[in-house]
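Observations on the three-dimensional arrangement
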Amino acid sequence: MVEALGVAVVGFGWMGRVHTQAYARVRHHYPHLALRPELVTVAEEVPGRAEEAAAQFGFASTTRDWREVAADPRVHAVSITAPNFLHREIAVAMAGAGKHIWVEKPVGLSAADARAVADAVAEAGVQGAVGFNYRNAPAVETARDLIAAGEIGSVTHARIRLFSDYAAHPEGALTWRYERERGGSGVLGDLASHGADLARFLLGDIASLTADTAVFLPERARPAAATAGHARATGGELGPVENEDYVNCLLRFASGARGVLEACRVSVGEQNNYGFEVHGTRGAVFWDFRRMNELGVSRGTEYQDQPVGTVYVGPGHGEFAAFQPGAANAMGYDDLKVVEAHRFLRSIAEGTPYGATLADAVHSAAVLEAMTRSAQSGTWVSPETSG
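Residues numbered from 1 in each chain as written. Predicted model: local features only at pLDDT ≥ 70, side-chain atom pairs only at ≥ 80, totals over all residues. Heavy atoms only, no water.

Things to note about the packing of aromatic side chains
Condition: Planes of paired rings set the category: under 30 degrees apart is stacked, over 60 is edge-to-face and the rest tilted, where pairs are Phe, Tyr or Trp rings (Trp by its six-membered ring) whose centres lie within 6.5 Å. Under the DSSP-based scheme used, a helix requires at least four consecutive residues in state H or I and a strand at least two consecutive residues in state E, with every element numbered from the N terminus. Only protein chains enter the accessibility calculation, which uses a 1.4 Å probe. A residue is then buried if its area is under 20% of the maximum for its type, exposed if over 50%, and partly exposed in between. Whether a charge lies above a ring is judged from NZ of Lys or CZ of Arg, which has to be within 6 Å of the ring centre and within 35 degrees of the ring normal.
If you walk through the whole model with that rule in mind, you get 14 aromatic pairs. With 6.2 Å between their ring centres and 85° between their planes, Tyr 30 and Phe 323 make a pair best called edge-to-face. Placement of Tyr 30 in the loop between α1 (14-29) and β2 (35-43) and of Phe 323 in the loop between β16 (309-312) and α9 (333-350) is noted, with a sequence separation of 293 residues between them. Their ring planes at 50° and their centres at 5.9 Å tell us that Trp 102 and Phe 344 sit as a pair that is tilted. Taken together, the residues Trp 102 in strand β5 (residues 100-103) and Phe 344 in helix α9 connect sequence positions 242 residues apart. Across the pair, exposure class does not vary: Trp 102 and Phe 344 are buried alike. By way of ring pairs, the aromatic residues Trp 14, Tyr 134, Tyr 274, Phe 276, Trp 287, Phe 289 and Tyr 333 are connected into one cluster. Of note, Arg 144 hangs over the ring of Phe 201, and the distance from its end group to the ring centre comes to 4.1 Å.

Here it is in structure tokens:
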């Protein structure tokens, strides 16, 4: 028998919409899931936005105060898709109220925030999931399997890139994303958090790193009204951009492998250019998010002039079979969030974590803080993943 599970979404910008759509679709793709998510309530402080969400998606109720969600006995699981500075307060309160949480990365503004949320989830005995969606791509999971099986030999070095143009326009509004107090560490939290997670997911713990950061667009105009996404503003009062547009980082893994992680939010000509190349003593794997369902693989015994082949992922790779019947049929970004929703709900049903957890969020946040410390000191530093 399928059990109904009351869910809520806190924060209804673009990512709140993506979570809601994932809940609506999850049983279409995973019909044997033991839980059926029911959209109970949506919380959004911007006037009218929650009501629009309810009208479109069928939430039973709306509120402008997320605290009402914490007190609502109909709600058993909560998606937290509010701005970064609210993650810790909301997540700790929801866990304390006995609700399972699916929180978007980077889980607050600091490693301390991520640890506080992880501790609250552990103390309450609820499940906690984190929005590291790129690890859910079947090609990425296949790459991990190939690496773990030694198909490319011992990993020697890797490169992880996350280049985007979402903040490249000089008229981009000075929203919370560009403020240290509310947005945190700029492109580190936005994009490099994914890079840190992918690095550890594929290659294991990062032992030490050295980083450099920069702000390339130091001023932006303040918006005149509430914004969503990456809105533009003209004519408003100029204010300072307080956090990073760019980071590059050299990595040393516990395995002895070396790596490079680079991320930028103002890369003109780059639209979601995310991916990695991992090289080993006998081969390599290559992945580009823009060709999400393809994996470049080089393996064999030729070494010099060894060819690279393209694997089109299919039903035998990761979660592909839940979406498409045969190889080379495309999956998309929103499908990765459906995978995430499934793993979150399965975790609740079985009482065992599946997918990215708050421990993964703590590790990623510790790497980001190490980047910040290194950029300030100009030295190699080690991530502090405990304490």
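Quick word on the packing of helix α4 (residues 87-96) against helix α5 (residues 111-124)
Condition: Structural elements are reduced to axes, namely lines fitted to C-alpha atoms, with helices fitted over the stretch in contact, and the angle between N-to-C directions of any two is expressed from 0 to 180 degrees. Between 65 and 115 degrees an angle is taken as roughly perpendicular, under 35 as roughly parallel, over 145 as roughly antiparallel, and anywhere else as oblique. Here a residue-residue contact requires only that any non-hydrogen atoms of the pair lie within 4.5 Å. Only Asp, Glu, Lys and Arg are considered charged, only Ala, Val, Leu, Ile, Met, Phe, Trp, Tyr, Cys and Pro nonpolar, and every remaining residue, Gly among them, polar.
Direction vectors running N to C along α4 and α5 enclose 5°, while the axes themselves pass 9 Å from each other. The orientation of α4 with respect to α5, classified from their angle, is roughly parallel. Here α4 contributes His 87, Arg 88, Ala 91, Val 92 and Ala 95 to the contact with α5, which in turn contributes Ala 112, Asp 113, Ala 116, Val 117, Ala 120, Val 121 and Ala 124. Across the contact of α4 with α5, the residue classes break down as nine nonpolar, one polar and two charged.

Looking at helix α8 (residues 187-203)
Spelled out, the test is: Here the expected length of a helix is defined as 1.5 Å per residue gap, with one fewer gap than residues. Think of it this way: the bend at a residue is just the angle between two axes, each fitted to seven residues, one set ending at that residue and the other starting at it.
Spanning 17 residues, α8 covers 22 Å between terminal C-alpha atoms, matching the ideal 24 Å at 1.5 Å per step. The axis of α8 is deflected most strongly, by about 35°, at Ser 193. After α8 finishes, the residue Gly 204 shows a positive phi value of roughly 95°.

A few points about unusual backbone geometry
With an omega dihedral of 10°, the bond running from Lys 105 to Pro 106 counts as a cis peptide bond. The residue Pro 106 is located in the loop between β5 and α5 in this model. Its identity is not glycine, yet Asp 305 carries a phi of approximately 65°, on the positive side. Structurally, Asp 305 can be placed in the loop between β15 (294-299) and β16.

Considering the sheet that holds strand β7 (residues 155-163)
We count it as follows: Strand pairing is assigned whenever DSSP detects at least two bridges linking the two strands.
The strand order β8-β11-β12-β7-β13-β14-β15-β16 describes an open sheet built from eight strands, whose pairing is mixed. Two strands close off the open sheet at either side, each with one partner strand: β8 (206-214) and β16. Adjacent strand axes in the sheet meet at a mean angle of 15°, parallel and antiparallel pairs treated alike. Two elements, β8 and strand β11 (residues 246-253), share eight bridges in a ladder whose sense is antiparallel.

Focus: the state of the cysteines
As used here, a disulfide is simply a covalent bond connecting the sulfur atoms of two cysteines. Defined as follows: Cysteine sulfur pairs qualify as disulfides if the two atoms are within 2.5 Å.
On inspection of all chains with the given rule, the structure shows zero disulfides. The cysteine Cys 249 is free of any disulfide, with Cys 264 supplying the nearest cysteine sulfur at 15 Å. With a relative accessible area of 2%, Cys 249 lands in the buried category. For Cys 264, a relative accessible area of 5% puts it in the buried group.

Let's talk about a nonpolar patch on the surface
To keep things clear, this is the line we draw: Patches in this entry comprise residues that are over 30% relatively accessible and not in a salt bridge; like charges within 9 Å are linked, as are nonpolar side chains (Val, Leu, Ile, Met, Phe, Trp, Tyr) within 5 Å. Per-residue and other accessible areas follow the Shrake-Rupley method at a 1.4 Å probe size, with only the shown protein chains counted as cover for residues. A side-chain nitrogen of Lys or Arg and a carboxyl oxygen of Asp or Glu constitute a salt bridge if their distance falls within 4 Å.
On the surface, a cluster of nonpolar side chains totalling about 250 Å² of accessible area is made up of Leu 250, Val 260 and Trp 380. Positionally, Leu 250 belongs in strand β11.

Digging into the packing of α5 against helix α10 (residues 358-377)
Condition: Crossings are sorted by hand: turned counterclockwise from the far helix by less than a right angle, the near helix makes the crossing left-handed, and turned clockwise it makes it right-handed.
Relative orientation of the contacting elements α5 and α10 amounts to 165°, with a least axis distance of 8 Å. Judged on the interaxial angle alone, α10 and α5 are roughly antiparallel. Crossing of α5 over α10 shows left-handed handedness. Contacts between α5 and α10 involve Ala 111, Ala 112, Ala 114, Arg 115, Val 117, Ala 118 and Val 121 from the former and Leu 358, Ala 361, Val 362, Ala 365, Ala 366 and Glu 369 from the latter. Residues of the contact of α5 with α10, tallied by class, amount to 11 nonpolar, no polar and two charged.

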